[in-house]
Amino acid sequence: MTATPEQHDVVDVLTADHRAVRALFEGYRTATEPELRRQLVDRITVEVVRHSVAEEAHLYPTVRKALPNGDRIADEEIEELTEAERILSDLDAVDPRDRRFDPLVRDLMDVVSMHIRGEEDLVFPELRERLTPEERMALGLRVSEATAAARGVAPVSEPVREPISPEGPGPGRTLADRVREQLTGRTR
């Protein structure tokens, strides 16, 4: 099957990622079992880190070059993703039955939702205006390849988890850190 430009336009590729994360958030909102809530947070972790790595490698270098104030915009979006990963790392050390778990998830939802709005309301329209369809498709193909490769790192059906210890996971040992390390060979 051959890909159409819509299948690899960077805006469409990343918007699909956003929809997937929103669906996971909705699943979390309706879940009541602690084990299911942990599984959903693990899936969210993998998706957010996978998305972050792809955007850092491919989207934001283009944003810096193609958009007015591109450096500022890219820095702000990366900062939001960094904050999301910080919250995910905090969540990794908290049992889903702990009263701190839900407020952390709400914080995560707020940060990720702000990131999504920033991209969909500002970045994506600018990219559509400033990049040719061919440039968007080439960028989307690179992002798609990066995210497809990342999907094999930590399958969402079997997240990479270590048992929660009273001391916490330790530096570089959270699920978010492990996924990032596998994708890039380094931590933030």
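This is a predicted model, so every value here is computed, not measured.

Asker: Quick one: what's the story with the confidence of the model for the protein chain, residue by residue and with numbers?
Answerer: Mean pLDDT over the protein chain: 84, with 80% of residues reaching 70 or higher. Per-element averaging of pLDDT across the protein chain places helix H1 (residues 5-8) at the bottom with 60 and helix H5 (residues 101-130) at the top with 96. Considering only residues more than four positions removed or in separate chains, one finds that residues 1-6, a stretch of pLDDT under 50, has six contacts. Throughout residues 154-172 the model reports pLDDT below 50, and contacts reaching past four residues in sequence, or to other chains, amount to 30 contacts.

Asker: Quick rundown of helix H2 (residues 10-30)? Include the residues and the values.
Answerer: Two residues of an α-helix separated by three or four positions point the same way, owing to the 3.6 residues in each turn. Its 21 residues give H2 an end-to-end C-alpha distance of 31 Å, which sits within 8% of 30 Å, the value for a rise of 1.5 Å per residue. Within the span of H2, buried status applies to Val10, Val11, Val13, Leu14, Thr15, Asp17, His18, Val21, Leu24, Phe25 and Tyr28. Of the residues flanking the start of H2, the one acting as N-cap is Asp9, its side-chain oxygen 2.8 Å from the backbone nitrogen of Val11.

Asker: Describe the packing of H2 against H5, listing the residues and the values that go with them.
Answerer: Helix packing for two helices is described by the angle between their axes and how far apart those axes are. Relative orientation of the contacting elements H2 and H5 amounts to 160°, with a least axis distance of 11 Å. Here H2 lies roughly antiparallel to H5, going by the angle between them. Considering only the axes of H2 and H5, their crossing is left-handed. Facing H2, whose interface residues are Val10, Val11, Asp12, Leu14, Thr15, His18, Val21, Arg22, Phe25, Tyr28 and Arg29, H5 presents Phe101, Asp102, Val105, Leu108, Met109, Val112, Ile116, Glu119, Glu120, Phe124, Leu127 and Arg128. When its residues are assigned to classes, the contact of H2 with H5 shows 14 nonpolar, two polar and seven charged.

Asker: Quick one: what's the story with the packing of aromatic side chains, residue by residue and with numbers?
Answerer: In this structure the tally under the stated criterion is one aromatic pair. Seen from their ring centres, Tyr28 and Phe101 are 6.4 Å apart, and the 40° between their planes marks the pair as tilted. One end of the pair, Tyr28, is in helix H2; the other, Phe101, is in helix H5, and 73 residues separate them in sequence. The burial state of Tyr28 is the same as that of Phe101; both residues are buried.

Asker: Any details on the pattern of salt bridges? Residues and values, ideally.
Answerer: A full pass over the atoms with the stated rule returns 17 salt bridges. The partner of Asp98 in a salt bridge is Arg100, with the nearest N and O atoms 2.9 Å apart. One salt-bridge network, held together by shared partners, links Asp17, Glu47 and Arg50.

Asker: Describe helix H3 (residues 34-66), naming the residues involved and giving the relevant values.
Answerer: End to end, H3 covers 44 Å across 33 residues, agreeing with the expected 48 Å (1.5 Å per residue, within 8%). In H3, a bend of some 45° at Glu55 exceeds every other bend along the element.

Asker: Explain the nonpolar core to me, and be specific about the residues and the numbers.
Answerer: Ranked by internal contacts, the top residues of the largest apolar core, which has 28 residues, are Leu91, Leu108 and Val112. Secondary structure elements with two or more residues in this core: H2, H3, helix H4 (70-92), H5 and helix H7 (175-184). Residue contributions to this core peak at eight residues, all from H5. For Leu108, the contacting residues outside a window of four places in its chain are Phe25, Ile44, Ala84, Ile87, Leu88 and Leu91.

Asker: Describe the side chain of Arg136, and please don't skip the residues or the numbers.
Answerer: Relative to the helices and strands, Arg136 is located in helix H6 (residues 133-151). Arg136 sits in the buried class, given a relative accessible area of 10%.

Parameters and conventions
Residues numbered from 1 in each chain as written. Predicted model: local features only at pLDDT ≥ 70, side-chain atom pairs only at ≥ 80, totals over all residues. Heavy atoms only, no water. pLDDT = per-residue confidence, 0-100. Helix = DSSP H or I, 4+ residues; strand = E, 2+ residues; numbered from the N terminus. Contact = heavy atoms within 4.5 Å. Expected span 1.5 Å × (residues − 1). Buried < 20%, exposed > 50% of the residue type's maximum accessible area, 1.4 Å probe, protein only. Polar contact = N/O pair within 3.5 Å; in protein donor to acceptor, adjacent residues only side chain to side chain. Axes fitted to C-alpha atoms, helices over the stretch in contact; angles between N-to-C directions. Parallel < 35°, antiparallel > 145°, perpendicular 65-115°, else oblique. Left-handed = near helix turned anticlockwise from the far one by under 90°. Nonpolar A, V, L, I, M, F, W, Y, C, P; charged D, E, K, R; others polar. Phe/Tyr/Trp six-rings, centres within 6.5 Å; stacked < 30°, edge-to-face > 60°. Salt bridge = Lys/Arg side-chain N within 4 Å of Asp/Glu carboxyl O. Bend = angle between axes of the 7 residues up to and from the residue. Core = buried A, V, L, I, M, F, W, Y, C linked by side-chain atoms within 4.5 Å.

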